[in-house]
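Here is how the chains run, residue by residue.
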Amino acid sequence: MSPPRLNYATCRLLFLPLFFLFLAACATAPVTGRKQFIIIDPQTELRLGLEASREILKKEKICRDPELNAIVKRVGERIARATGKNLPWEFWVIDKPKVINAFCLPGGKVFVYTGIIPVAKNEAGLAAVLGHEIGHAIARHGAERLSLGLAAAFGEVLLAEVLDLKDPETRKIFLTAYGLGATVGVILPYSRKQELEADHIGLYLMARAGYDPREALRFWQRMRAAARGKPRPPAFLSTHPTDEARIAAIKRLLPEILPVYENNPHRYGLGENLPAPHCR
Ligand SMILES: [Zn+2]
């Protein structure tokens, strides 16, 4: 990435507000308590989420299978309640049998593709999917990625300013290293970290919602089987912690999560099996 071309005066103008922005940019992820760098405010994020969800509802074919919708809504609302967040939650099923995926936009708009229904298999499997996706949303992973991208772009400008008095050759090397660092060192591993964090939050949410968190392990094993023999892994898997790393991490977390489930007075176990989608 080449640094944006800004003149010296613009740099000075940018430096102070950005400095205060950076000070104000500390957030904490729920459940894991990880410190985050986020410079997008929640209202902006909410607005972007609502706009995007309206676009999706215009574009996609919504599945009107009443039985399936009732189950998705039931499981979704239990997971939503477990977050303790009062958002305008909505749960939609999109009729795309080949798409093994689901996602949650900021503001609590959740979309499930029919392709993931047979892999989720039962309510607890679906709770694992929704817990993971809602986990990404409540940990504000989208805003975090966007913030890191902005910081990577502006950081180079700021660095050029700070290092202005130094030897030009040193500066060049430093900037190159930082450029590399910003692309390879920070942003890529972050998305793996976010994936594992979404798994962690998701396990906790499903246990709080009353679903047996051990089903998450079996769900990811079914995902692995579903991915086998396909030229490209399903989108849900393509964010790269390997299946083995993910399954191992979930196994490590279960002793911490299982008591949350066992002490829950409302336990549904695996819940009902999901019906095969009959979209109209
Ligand atoms: Zn994910």
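By convention here, each chain's residues receive numbers from 1 onward along its written sequence. Two thresholds apply to this predicted model, a pLDDT of at least 70 for residue-level local features and 80 or more for giving and counting side-chain atom pairs, whereas whole-chain, interface and lining totals are computed over all residues. Each side-chain value is worked out from all heavy atoms of the structure, with water and hydrogens disregarded.

### A few points about the pairing of strand S5 (residues 109-113)
Logical step 1: Across the 5 residues that make up S5, a large majority, 5, are buried.
Logical step 2: Throughout, exposure labels follow a simple rule: accessible area from a 1.4 Å probe, protein chains only, divided by the maximum for the residue type, with under 20% read as buried, over 50% as exposed, and the rest as partly exposed. Helix and strand assignments follow DSSP, with helices taken as H or I runs no shorter than four residues and strands as E runs no shorter than two, numbered in order from the N terminus. A two-sided burial pattern is seen for S5, the buried positions comprising Lys109, Phe111 and Tyr113 on one face and Val110 and Val112 on the other.
Logical step 3: For two strands to pair, DSSP has to find at least two bridges joining them. Note that strand S3 (residues 90-94) and S5 share 5 bridges and pair parallel. Across the sheet, Glu90 pairs through a bridge with Lys109, a residue of S5.
Logical step 4: Taken together, the 4 bridges between strand S4 (residues 102-105) and S5 define a ladder with antiparallel strand orientation. Of the residues in S5, the one forming a bridge with Cys104 is Val110.
Logical step 5: In sequence, S4 turns back onto S5 through a hairpin of 3 residues, with Gly107 there showing a positive phi of about 95°.

### Comments concerning the side chain of Arg78
Logical step 1: For Arg78, the location among the structural elements is in helix H3 (residues 66-83).
Logical step 2: Judged by its relative accessible area of 17%, Arg78 is buried.
Logical step 3: Polar contact is the term for a pair of N or O atoms within 3.5 Å; when the atoms are in protein, one must be able to donate a hydrogen and the other to accept it, and sequence-neighboring residues count only if both atoms are side-chain atoms. Only 2.7 Å separates the side chain of Arg78 from the side chain of Tyr211, close enough to count as a polar contact.
Logical step 4: In contact with Arg78, not counting residues within four places along its chain, are Glu123, Ala209, Tyr211 and Tyr268. Contact between two residues is taken to exist if any of their heavy atoms lie within 4.5 Å; hydrogens are not considered.

### A look at the nonpolar core
Logical step 1: Among buried residues, the Ala, Val, Leu, Ile, Met, Phe, Trp, Tyr and Cys ones that are joined through side-chain atoms within 4.5 Å form a nonpolar core. If you look at the biggest cluster of nonpolar residues, it comprises 51 residues, and the most contacted ones within it are Ile79, Ile134 and Met206.
Logical step 2: Ranked by residue count, the leading element in this core is helix H5 (residues 123-138), at 9 residues.
Logical step 3: Non-local contacts of Ile134, meaning those with residues more than four positions away in its chain, are made with Ile79, Thr83, Trp89, Phe91, Cys104, Val110 and Leu205.
Logical step 4: If you look at the next biggest cluster of nonpolar residues, it comprises 7 residues, including Ile56, Ile62, Ile94 and Phe103.

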